[in-house]
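# Working through the structure, step by step
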Amino acid sequence: MDKTLHQPLGGNEMPRFGGIATMLRLPHLQSAEGLDAAFVGVPLDIGTSLRSGTRFGPRQIRAESVMIRPYNMATGAAPFDSLSIADIGDVAINTFNLLDAVRIIEEAYDNIVEHNVIPLTLGGDHTITLPILRALHKKHGKIGLVHIDAHADVNDHMFGEKIAHGTTFRRAVEEGLLDCDRVVQIGLRAQGYTADDFNWSRRQGFRVVQAEECWHKSLEPLMAEVREKVGGGPVYLSFDIDGIDPAWAPGTGTPEIGGLTTIQAMEIIRGCHGLDLIGCDLVEVSPPYDTTGNTSLLGANLLFEMLCVLPGVVRR
């Protein structure tokens, strides 16, 4: 049976300030069935350690996505010409219980994966990546990872809690979800408590690219190295918006100076073209600290770039 190639609502069909605020103004469907890829919101912020507000991230990213057009002029990618894509709404998390919310997220993604759909997730704080990886691991086995962030998120605990936005990737390693020889972390920076804050990742086999290694240069050469490192199996792309310098992305819960530029962010995502991407997320957008809307606008555009590098996307 031929699949339905859903198209974003054009600016000449409905004014961009009108209509229902779905991601890229795509149709809102109740199920992932029949899709190749789906935008999913996870409005969680009870895993944060400083500023809250990421519960409003998915809604604001969708609102700011109205200006994005369907064809990528830089890369030639035309995702809506080859993939069936829609917005399947938000996961109804338990906003009063983090561990129960994690269970709910995992079950929701179990269902998405059952339909052989690639999820593109609008966060939400970085806690959400753990249950997503759990669901994807059940189908794909050990997963490679490209992780962009100011922080390694490999704390053993936060205030004694094993599950929070700063423990995600230590838990993922301990649970055997990641192929540690195929993991790269990009943009780590600022201060720590000990050298182990980054060196723990290195001991697992991760390639750690601190922000200083990225200053004043194009990241295209780095991404050739990344493709060599993480290729050869399924890969997940997780992008914390605080990987970008707060000059460009102030609307986040734990900002750190000296970060990546928006151009470098696009180079990283475009450099993932050709990898076997099985899912992506854009997390930690906090609209209450984003008075211009520019952080959410950036998040929306980076999600579009992720869509453009998925397997099966045609280039014109």
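Conventions used here
- Residues numbered from 1 in each chain as written.
- Predicted model: local features only at pLDDT ≥ 70, side-chain atom pairs only at ≥ 80, totals over all residues.
- Heavy atoms only, no water.
- Pairing = 2+ DSSP bridges.
- Helix = DSSP H or I, 4+ residues; strand = E, 2+ residues; numbered from the N terminus.
- Axes fitted to C-alpha atoms, helices over the stretch in contact; angles between N-to-C directions.
- Contact = heavy atoms within 4.5 Å.
- Expected span 1.5 Å × (residues − 1).
- Core = buried A, V, L, I, M, F, W, Y, C linked by side-chain atoms within 4.5 Å.
- Buried < 20%, exposed > 50% of the residue type's maximum accessible area, 1.4 Å probe, protein only.
- UniProt positions renumbered as here; feature names shortened; annotations may be inferred.
- Polar contact = N/O pair within 3.5 Å; in protein donor to acceptor, adjacent residues only side chain to side chain.

### Examining the sheet that holds strand E8 (residues 276–283)
Here we have eight strands laid out as an open sheet, ordered E2-E1-E3-E8-E7-E4-E5-E6, and parallel in their pairing. With one partner strand each, in any of the chains shown, strand E2 (85–90) and strand E6 (207–210) form the two edges of the open sheet. Strand-to-strand twist of the sheet, defined as the mean angle between neighbouring strand axes without regard to direction, takes the value 15 degrees. Pairing between strand E5 (residues 178–188) and E6: four bridges, direction parallel. Each bridged residue has a counterpart across the sheet, and for Val184 the counterpart in E6 is Arg207. Across the sheet, helix H5 (residues 196–204) lies against E5 and E6, angled at about 150 degrees from E6, the strand it touches most. Each of strand E1 (37–42), E2, strand E3 (118–123), strand E7 (234–240) and E8 touches helix H8 (residues 294–308); the most contacted strand, E8, lies at about 175 degrees to it.

### Some points on helix H3 (residues 129–140)
Taking 1.5 Å as the rise per residue, H3 with 12 residues should run 16 Å; its terminal C-alpha atoms sit 16 Å apart, in good agreement. Count one or two residues on from H3 and you reach Gly141, which has phi positive near 75 degrees.

### Quick word on the nonpolar core
Judged by nonpolar contacts, the single largest core of 52 residues is most densely connected at Phe39, Ile186 and Leu310. Non-local contacts of Ile186, meaning those with residues more than four positions away in its chain, are made with Val146, His147, Ile148, Asp149, Val209, Cys214, Leu222, Met223, Val226, Leu260 and Ile268. In this structure, Val113, Ala172, Val183 and Trp200 belong to the second largest nonpolar core, which totals 45 residues.

### A short note on the UniProt feature "binding site: Mn(2+) 1" (unreviewed entry) in the protein chain
Mapped onto this numbering, the UniProt entry annotates "binding site: Mn(2+) 1" (unreviewed entry) at Asp149, His151, Asp153, Asp240 and Asp242. Judged by maximum C-alpha separation, these annotated positions cover 94 residues in sequence but sit close together in space, the widest gap being only 12.2 Å. Structurally, Asp149 can be placed in the loop between strand E4 (143–148) and helix H4 (168–174). Once you skip the residues sitting within four places of it in the chain, Asp149 turns out to touch His126, Ile186, Gly187, Leu188, Asp240, Asp242 and Gly243. At 2.9 Å, the side chain of Asp149 forms a polar contact with the backbone nitrogen of His151. Mapping Asp240 onto the fold places it in strand E7. Sequence-distant contacts of Asp240, that is, excluding residues within four places in its chain, are made with His126, Ile148, Asp149, Thr252, Val283 and Glu284.

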